[in-house]
Amino acid sequence: MKISLIACLMLCFSSASAQLSVRNNAYVFVNDQILFVEDDVNLEESTAKIYLRSEAQLIQGTGTTGNSGIGELSVYQQGNTNQWEYNYWCSPVGGILSDTNVNNAFRINQLDDPLLGTADLIDSNDSFFTTNYNGNDSPLTISDRWLWSFVSSSQYSQWLYLGDSGDIAPGLGFTMKGSGTTANFGDTNYDFRGKPNSGNITSPVAAGQFTLVGNPYPSALDARDFLYDTDNLAAITGTLFYWDHDTSTPQRQTHVLQEYVGGYHEFTINSDGSLPTLAPAVFMTYTEDDQEFPLPGPGESGTRTARRYIPIGQGFMVEGRVGTTGTVTAKNSHRDYVKLGASSSFFRNSEGQNDNYDGFVYQDNGLVVVPSDYKRFRINVDFTVSENQYTRQMILNFHDTATMGFDYGLELSRSSNYESDAYFTIDDKAYSAQAYPFSDTLIIPLVLDIEEQQPLRFRIFDIQNFEDSQNIYIHDIQDNIYVNLRDQDYELNIDAGHYPDRFEIVFTADNVLDIEDIEFSDLTIRQNNNDQQLNVINPNGLDIKSIEVYDVAGKRMLNGLYDTVQNRYELSTSNLSEGVYIVNVKSNSNAVTSEKIIVKH
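Just so it is clear, the structure is predicted and the values come from calculations on it, not from any experiment.

K.L.:
Where do I start with the overall build of the chain in this structure?
P.N.:
What the chain contains, in helices and strands, is four helices and 47 strands. Expressed as a percentage of contacts within the chain between residues at least 6 apart in sequence, the contacts between residues at least 24 apart total 69%. Here the chain displays about 24100 Å² of accessible surface, and carbon together with sulfur accounts for 46% of that area.

See below:
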């Protein structure tokens, strides 16, 4: 016997207390639709099934009976195929322990291998497990070396090994690497089978510590509803952390922890859901042959980004807030029917997306257009450490409701810092994004940690809802330099050290070099490799004090000092080795412009 979808939906919507009962050998097959049940889903016998296919989802209402029976729900989700890369998961189903138990622990051996590419959309094969480092996608073979959870701890040593049969409490997340080959960077399909989770699901959190949780339901989860639930406001900082792991080049394709290139993509959203704030994980911004490519931006092709709606199976980190209640709670009231697409995307390399309007308008660079009553800009801080170049993106939100203290949903707390990094601070805690009520008298400190002497660059990535006449300066207090980042980048070489009070963002300046900014724009810095000579052409007669040349490790290689104005300056580069160098030209009033050159013989 088979219960038709039409009959099922009529039953589900027939009353506010409706329940769904599937008996004996019957099953409900839902294709690309929502299945809504106000209260209990009863899969009474072991042969009773629900199959969610093609983005179908199950949502349950305010009933408190709890799911029952010993049948199972089956729902698909896709993860990365490549064998080096982690996904963070959270199961939408639990084990089938008895007729009445609901929200049971999940074991990874409940994951099945769906029979895709066949007419059979109901049956699946059991998955296999191996102790080898690498798994396989056909047949689905999962390496059990990478199956871990992380509960209420800020220390890496507190990762807890699960293996394929370890119990994972409902609501907690787990890690798993892809099960593919070295040449395969597509998707692996997983079939989650078990008793569907429903109702309130709590997970432990601790102040200043992290817990790997996720969406515990067979439907999308609204991040706004989750973050602003009264039970969660006092429990967590309001930032969701999604692991981003780069394995795009052979050098990064490794199982060695110390060689991972990865970090956390950070996401939050304001209380009315109109303004998401997200910062990408730190990755390299230059290729080996020094061809610059843009920092991966939200929404751009081939990059990852978190969305408002958290898809089925997605895991993420949360951080316990000072004075936390000790638990974070997912509820049925947080659930929504949102298919993978513009407003919901699984955090993996590639995703088959459906068109799904999420209410936001996007710019060409993939960033959300902020509401008209908000202002926002992003600053990229570029570091060069031992010839590795990477970028930290930082965000400033401005709104009349923001305060000078912590603003939940407008600010991004930081999971960790690199030894060379940039961040904002509140009460000695690091942030990637902060919020303020805007005033042109604002002074916003920017803290830097520098591991070793190196070139450093500040640049604007995006500006929204600022008047064209409103300048945005980086103020280098030590050298008393104001640089309007709307007109030019600020580049310098900086010594190793902790800089809590050297740099600040301001909107008015006491000593602005507007004329010299214009003159600098006509300054030409050119490397002539035929003559082995650096040429600086100065058509506006700018009063140049020095021309310095640094290698990519931050070591000064040439230093030309001048006490007269010249139309053309020349420095021999014959003693320099082939490679990339940074040229700094400084005027007598300490205005600085920088440019990169390539020396070849």
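Here the narrative resumes, following the displayed structure.
K.L.:
Can you help me understand the nonpolar core in this one?
P.N.:
Ranked by internal contacts, the top residues of the largest apolar core, which has 57 residues, are Ile50, Ile108, Met176, Phe226, Ile236, Leu240 and Val318. The element best represented in this core is helix H2 (residues 223-228), accounting for four residues. When residues no more than four places from it in sequence are discounted, the contact partners of valine 318 are Val205, Gln209, Phe210, Thr211, Val213, Phe226, Ile236, Thr239, Leu240 and Val328. Formed by 36 residues, the second largest nonpolar core is a distinct cluster that contains Phe383, Ile444, Phe458 and Val483.

K.L.:
Explanation requested: the packing of aromatic side chains in the structure shown.
P.N.:
Given two aromatic rings, their pairing is described by the distance between the two centres and the angle made by the two planes. Scanning the entire structure with this criterion turns up 35 aromatic pairs. Consider the rings of phenylalanine 438 and phenylalanine 466, whose centres lie 5.5 Å apart with planes at 85°: the pair is edge-to-face. Separated by 28 residues along the polypeptide, phenylalanine 438 in the loop between strand S34 (429-436) and strand S35 (443-450) and phenylalanine 466 in the loop between strand S36 (454-464) and strand S37 (473-476) bring together distant segments of the chain. An aromatic cluster is built from Tyr88, Phe150, Trp159, Phe210, Phe241, Trp243 and Tyr264, whose rings are joined through pairwise contacts. The ring of tyrosine 86 has lysine 177 sitting right over it, with the charged end atom 5.1 Å from the ring centre. The lysine or arginine in question, lysine 177, covers the ring of tryptophan 146, its NZ or CZ lying 3.8 Å from the ring centre.

K.L.:
Sorry if this is basic, but what is going on with the pairing of strand S2 (residues 27-31) here?
P.N.:
Successive side chains on a regular strand alternate, one facing one side of the sheet and the next facing the other. With burial as the criterion, only one face of S2 is covered, namely that bearing Val28 and Val30; the residues Tyr27, Phe29 and Asn31 on the opposite face remain uncovered. Bridge analysis of S2 against strand S5 (residues 49-53) gives five bridges, and the strand direction is parallel. The residue bridging valine 30 from the neighbouring strand is leucine 52, located in S5.

K.L.:
Can you help me understand unusual backbone geometry in this one?
P.N.:
Excluding glycine, residues mostly carry a negative phi; peptide bonds, for their part, are mostly trans. With phi around 70°, glutamate 55 is a residue other than glycine that occupies positive phi space. As for its position among the elements, glutamate 55 is in the loop between S5 and strand S6 (57-60). Judged by relative accessible area, glutamate 55 falls into the partly exposed class, the value being 25%. A positive phi angle, close to 65°, is found at aspartate 428, a residue other than glycine. When you line up the elements, aspartate 428 lands in the loop between strand S33 (421-426) and S34.

K.L.:
Could you clarify how one ought to interpret the sheet that holds strand S47 (residues 592-599) in this entry?
P.N.:
Neighbouring strands of a sheet are bound in pairs by backbone hydrogen bonds; such pairs are parallel or else antiparallel. Reading across the sheet, the four strands line up as S44-S43-S46-S47 and stay open at both edges, with antiparallel pairing between neighbours. Every interior strand has two partners, whereas the edge strands, strand S44 (556-561) and S47, have only one. For this sheet, the mean angle separating the axes of adjacent strands, direction not counted, is 20°. Here seven bridges tie strand S43 (residues 544-551) to strand S46 (residues 579-587), and the two strands are oriented antiparallel to one another. Each residue of the ladder has a partner; that of isoleucine 544, found in S46, is serine 587.

K.L.:
Where do I start with the sheet that holds strand S14 (residues 136-137) in this structure?
P.N.:
Taken together, the three strands give an open sheet; going across it, the order is S13-S15-S14, and neighbouring strands pair in mixed fashion. Looking at which strands have only one partner, the edges of the open sheet turn out to be strand S13 (128-130) and S14. With two bridges connecting them, S14 and strand S15 (residues 140-143) associate as antiparallel partners. Bridging from a neighbouring strand, asparagine 136 pairs with threonine 141 of S15.

K.L.:
I tried to follow the environment of asparagine 197 on my own but got confused; where do I start?
P.N.:
Within the secondary structure, asparagine 197 is located in the loop between strand S19 (187-196) and strand S20 (201-204). Asparagine 197 sits in the buried class, given a relative accessible area of 1%. Measuring from C-alpha to C-alpha, the distance between asparagine 197 and proline 170 comes to 7.7 Å, with 27 residues separating the pair along the chain. Of note is the side chain of asparagine 197, whose polar atom sits 3.3 Å from the backbone oxygen of serine 91.

K.L.:
It is not clear to me how the pattern of salt bridges should be interpreted in this structure. Could you clarify?
P.N.:
Side chains that differ in charge, positive against negative, can pair when their charged atoms come close. If you walk through the whole model with that rule in mind, you get 24 salt bridges. Between aspartate 421 and arginine 414 there is a salt bridge; the shortest N-O distance is 3.5 Å. In this structure, aspartate 421 and arginine 414 share a single accessibility class: buried.

K.L.:
Honestly, the pairing of S37 in this entry has me stumped. Any pointers?
P.N.:
Here S37 shows two buried faces, one formed by Tyr473 and His475 and the other by Ile474 and Asp476. Judged from the four bridges that link them, S37 and strand S38 (residues 481-484) form a sheet pairing that is antiparallel. Paired with tyrosine 473 across the two strands is asparagine 484, which belongs to S38. The turn joining S37 and S38, which pair antiparallel and follow one another in sequence, is formed by four residues; a positive phi near 50° is taken by asparagine 480. When S37 meets strand S40 (residues 497-506), the two strands line up antiparallel, connected through four bridges. Paired with histidine 475 across the bridge in S40 is glutamate 504.

Conventions and cut-offs
- Per chain, residue numbering runs from 1 following the sequence as it is written.
- Given that this is a predicted model, residues contribute local features only at a pLDDT of at least 70 and side-chain atom pairs are listed and counted only at 80 or more, while totals for whole chains, interfaces and linings are drawn from all residues.
- Values shown for side chains rest on all heavy atoms present in the structure; no hydrogens or waters enter the calculation.
- Secondary structure follows DSSP: runs of H or I at least 4 residues long count as helices, runs of E at least 2 residues long count as strands, and numbering of each begins at the N terminus.
- Contact definition: two residues touch when any of their heavy atoms are within 4.5 Å.
- The method behind every accessible area is Shrake-Rupley, applied with a 1.4 Å probe, and residues are considered shielded solely by the protein chains displayed.
- Only buried Ala, Val, Leu, Ile, Met, Phe, Trp, Tyr and Cys residues count toward a nonpolar core, and they belong to the same one when joined by side-chain atoms within 4.5 Å.
- For each residue, the accessible area found with a 1.4 Å probe, counting protein chains only, is set against the maximum for its type, and the residue is called buried under 20%, exposed over 50%, and partly exposed in between.
- When the centres of two rings from Phe, Tyr and Trp lie within 6.5 Å, Trp using its six-membered ring, the rings pair. Their planes under 30 degrees apart give stacked, over 60 give edge-to-face, and anything left gives tilted.
- Note on criteria: charge over ring means Lys NZ or Arg CZ within 6 Å of the ring centre, with the direction from the centre no more than 35 degrees off the ring normal.
- When DSSP finds two or more bridges between a pair of strands, those strands are recorded as paired.
- Inter-axis angles, ranging from 0 to 180 degrees, are taken between N-to-C directions of lines fitted to C-alpha atoms, where helices are fitted over the stretch in contact.
- Nitrogen and oxygen atoms within 3.5 Å of one another constitute a polar contact, given that in protein one can donate a hydrogen and the other can accept it, and given that sequence-neighbouring residues count only through two side-chain atoms.
- Salt bridges are counted wherever a side-chain nitrogen of Lys or Arg sits within 4 Å of a carboxyl oxygen of Asp or Glu.

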